[in-house]
Amino acid sequence: MKTLRQQFLEHVGQTSPEPLLLEVGRAEGVYFFTPEGKRYYDLVSGVSVNNVGHANPEVIKAVQQQAADYMHIMVYGEMVEKPQVQYARRIAELLPAPLESVYFVNSGSEAVEGALKLAKRYTGRHKMMSMHCAYHGSNHGSLSMMASPEGDTWKAPFQPLLPNVEYLWFNNFEDIGRIDEETACVLVEPVQGEGGVRLPADGYLQALRKRCDETGAMLIFDEIQTGMGRTGKLFAMQKYEVTPDIVCLAKAFGGGMPLGAFVASKTVMDSLQSNPALGHITTFGGHPVCCAAGLSALNYITENHLVDSVEKKGKRYEETLRNSPNVIEIRRSGLLMAVELGTSEKLFKIMALFKERGIMSDWFLFCDTAFRISPPLTISNDEIDDSCRIILECLEIL
Ligand code: PMP
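Residues numbered from 1 in each chain as written. Predicted model: local features only at pLDDT ≥ 70, side-chain atom pairs only at ≥ 80, totals over all residues. Heavy atoms only, no water.

1. Details of the overall build of the protein
How we decide: In DSSP terms, a helix is any run of H or I states spanning at least four residues, a strand is any run of E spanning at least two, and both are numbered starting from the N terminus. It is over C-alpha atoms that the radius of gyration is taken, and the globule rule equals 2.2 Å times the number of residues to the power 0.38. Think of it in three bands: with a 1.4 Å probe and only protein chains considered, a residue is buried below 20% of the maximum accessible area for its type, exposed above 50%, and partly exposed in between. Only the protein chains shown count as cover for residues, and all accessible areas are computed by the Shrake-Rupley method using a 1.4 Å probe. When charges are counted, Lys and Arg contribute as positive and Asp and Glu as negative, whereas His and the chain ends are disregarded. In plain terms, the charge of a residue is placed at NZ if it is Lys, CZ if Arg, CG if Asp and CD if Glu.
Within the protein, the secondary structure is distributed over 13 helices and 14 strands. Computed over its C-alpha atoms, the radius of gyration of the protein comes to 21 Å, within 12% of the 21 Å expected for a compact globule of 398 residues. By principal-axis analysis of the C-alpha atoms, the protein measures approximately 60 × 55 × 45 Å. Each of the 398 residues in the protein was classed as buried or not, and the buried ones make up 53%. Per element, the accessible surface of the protein, about 17700 Å² overall, is 54% carbon and sulfur. Computing the positive centroid from 38 side-chain charges and the negative centroid from 49, the protein places the two 2 Å apart.

2. So, the packing of aromatic side chains
This is how it is decided: Within 6.5 Å between ring centres, the rings of Phe, Tyr and Trp (the latter by its six-membered ring) count as paired, and their orientation is classed by plane angle as stacked under 30 degrees, edge-to-face over 60, tilted in between.
Per the stated rule, a full pass over the model turns up 13 aromatic pairs. Look at W154 and F366: their rings are 5.7 Å apart centre to centre, the planes differ by 85°, and that puts the pair in the edge-to-face class. A residue pair is termed long-range when its members are at least 10 positions apart, and W154 in the loop between α6 (140–144) and β6 (165–168) and F366 in the loop between β13 (359–360) and β14 (370–373) qualify at 212 residues. Here F354 and F371 contribute two aromatic rings whose centre-to-centre distance is 5.1 Å and whose plane-to-plane angle is 85°, an arrangement assigned as edge-to-face. With a gap of 17 residues between them, F354 in helix α12 (residues 344–357) and F371 in strand β14 connect regions that are remote in the sequence. When its relative accessible area of 1% is taken as the criterion, F354 is described as buried.

3. A look at helix α5 (residues 108–123)
Side chains that are three or four residues apart share a direction in an α-helix, a result of its 3.6 residues per turn. Definition in use: Under the convention used throughout, the expected extent of a helix is 1.5 Å for every residue step, that is, one less than its residue count. Side-chain atoms alone can form a polar contact between residues adjacent in sequence; in general such a contact is a pair of N or O atoms within 3.5 Å, and within protein one must be able to donate a hydrogen while the other accepts it.
With 16 residues, α5 should reach 22 Å at 1.5 Å per residue; the first-to-last C-alpha distance of 23 Å fits that figure. Regarding α5, the residues found buried are G108, S109, A111, V112, G114, A115, L116, L118 and A119. Its side-chain oxygen at 3.2 Å from the backbone nitrogen of E110, S107 defines the N-terminal cap of α5. Positive backbone phi, approximately 70°, marks G124, located one or two places after α5.

4. A short note on the site of the ligand
To keep it simple, the criterion reads: Residue proximity to a molecule or strand is established when one non-hydrogen atom of the residue lies within 4 Å of it. Residues are grouped as follows: Ala, Val, Leu, Ile, Met, Phe, Trp, Tyr, Cys and Pro are nonpolar; Asp, Glu, Lys and Arg are charged; every other residue, Gly included, is polar.
Around the ligand sit S107, G108, S109, Y135, H136, G137, E189, D222, I224, Q225 and K251, and that is every residue in its neighbourhood. At 2.7 Å from an oxygen atom of the ligand is found a side-chain nitrogen or oxygen belonging to Q225. Within the side chain of K251, one N or O atom sits 2.9 Å away from a nitrogen atom of the ligand. Expressed as a share of its isolated accessible area of 400 Å², the protein-covered part of the ligand is 82%. The residue makeup of the shell around the ligand, split by class, is two nonpolar, six polar and three charged.

5. Focus: the side chain of H54
Stated precisely, the cut-off is as follows: We call two residues in contact whenever any of their non-hydrogen atoms come within 4.5 Å of each other.
Tracing the chain through its elements places H54 in the loop between α2 (45–48) and α3 (57–69). A polar contact is formed between the side chain of H54 and the side chain of D42, at a distance of 2.7 Å. Apart from residues lying up to four places away in sequence, H54 is in contact with A27, E28, G29, Y31 and D42.

6. With respect to the environment of K266
Within the secondary structure layout, K266 lies in helix α9 (residues 266–269). Note on K266: relative accessible area 46%, which makes it partly exposed. Counting along the chain gives 185 residues from K266 to E81, while the straight-line C-alpha distance between them is 19 Å. With residues near it in sequence (within four places) discarded, K266 still touches E100 and S101.

7. Re the sheet that holds β6
What holds strands together in a sheet is hydrogen bonding between their backbones, with the strands either parallel or antiparallel. For clarity, the threshold we go by: Should DSSP find at least two bridges between two strands, the strands are regarded as paired. Here, axes are lines fitted to C-alpha atoms. For helices the fit covers the stretch in contact, and angles between N-to-C directions go from 0 to 180 degrees.
With mixed pairing, the seven strands of this open sheet are ordered in space as β4-β10-β9-β8-β7-β5-β6. At either margin of the open sheet sits one strand with a lone partner, and together these are β4 (101–105) and β6. Across the sheet, the mean angle from the axis of one strand to that of its neighbour is 20°, orientation sign disregarded. Taken together, the four bridges between strand β7 (residues 183–188) and strand β8 (residues 218–222) define a ladder with parallel strand orientation. Bridging across to β8, L187 finds its partner in I220. Docked against the sheet, helix α4 (residues 82–94) engages β4 and β9 (246–249), running at close to 130° with respect to β4.

8. A word on the pairing of β9
Of the two faces of β9, both are covered, the one formed by I246 and C248 as well as the one formed by V247 and L249. Of the strand pairs in this sheet, β8 and β9 are connected by three bridges, and their pairing is parallel. Residue F221 lies in a different strand from β9, and its bridge partner there is V247. Where β9 lies against strand β10 (residues 260–264), three bridges are found, and the strand directions are antiparallel. The partner of L249 across the bridge, within β10, is A261.

As structure tokens, this is what we get:
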């Protein structure tokens, strides 16, 4: 009989040439465990998904209850399903006006896809803009919006992708002038995640907002990685005090289940109802079990005031790790952090040490010289200190 690992490599479709190959037995809080019981600090959170910790009892209860009540009934938007309605209403309450109408989908890529279509439909324009070093997903629509620093290597084999897409340099104020009256939308992550945690310069997001207002272009925030408390506010738009026309949510939005959404004003969203009717459709988007999980995770975040301690926890990591001479820079927004080592050789070496010593980290799609720290927001000070101790030991060996 082949091992599970061999079967994984043979039968589970692979795009990673070197998968981590750690077998998961179970996960709880900030840890996951191999079947043999080896413990790992999960400092990735499934890429900013598990904000309320693994096996959160509230989320488990909500999932079990909803699975027993009903799962899929009918394609999206035809039936009144309580978990969807309650979650949409709560999100609308917590987002700044006029973001009040929530269209549920299954993933981040789909949220971006829907937002782009909505912007085109509402403005009647075709030109779309996004940022260099941005990652928005892997389907044809969201891939078209990606402009990696390595040029076209990510996209070339999949051409033709969407036409009429132009790229701005994030934080370049001059580039903003390229947004014009033909622009349907400007898509931006308020903090660039896969670019290696790049923070917006003072006034940059405001300047984007102003230019979009002047030209009638829609400003779309991709808060797929920054949302649900990750940056120290429930949404990064609240931290940086700029409200977009459309926001994309996913990852932690589903509380560990696959769920995404694009959110806009009701007037904007309703444009997908005509010319054509059913301007966006999905079978599983807003699955009741996923919505129940997402809502319970959101309630857990707000009822336990998790967001209030995110900045302090991030700072605790930063202040400890910056003492290592091997750390060149730490870029951070709340508990989304890139620890810069300067070379990919050092990075790959530390990844091997982490794997050996019980730390789950990762690098970034467009930055392979820094490692990621984005633990569940529930992490305690003791767990921060203990994980820092292991990280510092590894940094010392480098
Ligand atoms: N946008 C951002 C900012 C992301 O980080 C990601 C995933 N890393 C996506 C979109 C795509 O989300 P998904 O993988 O759920 O399609």
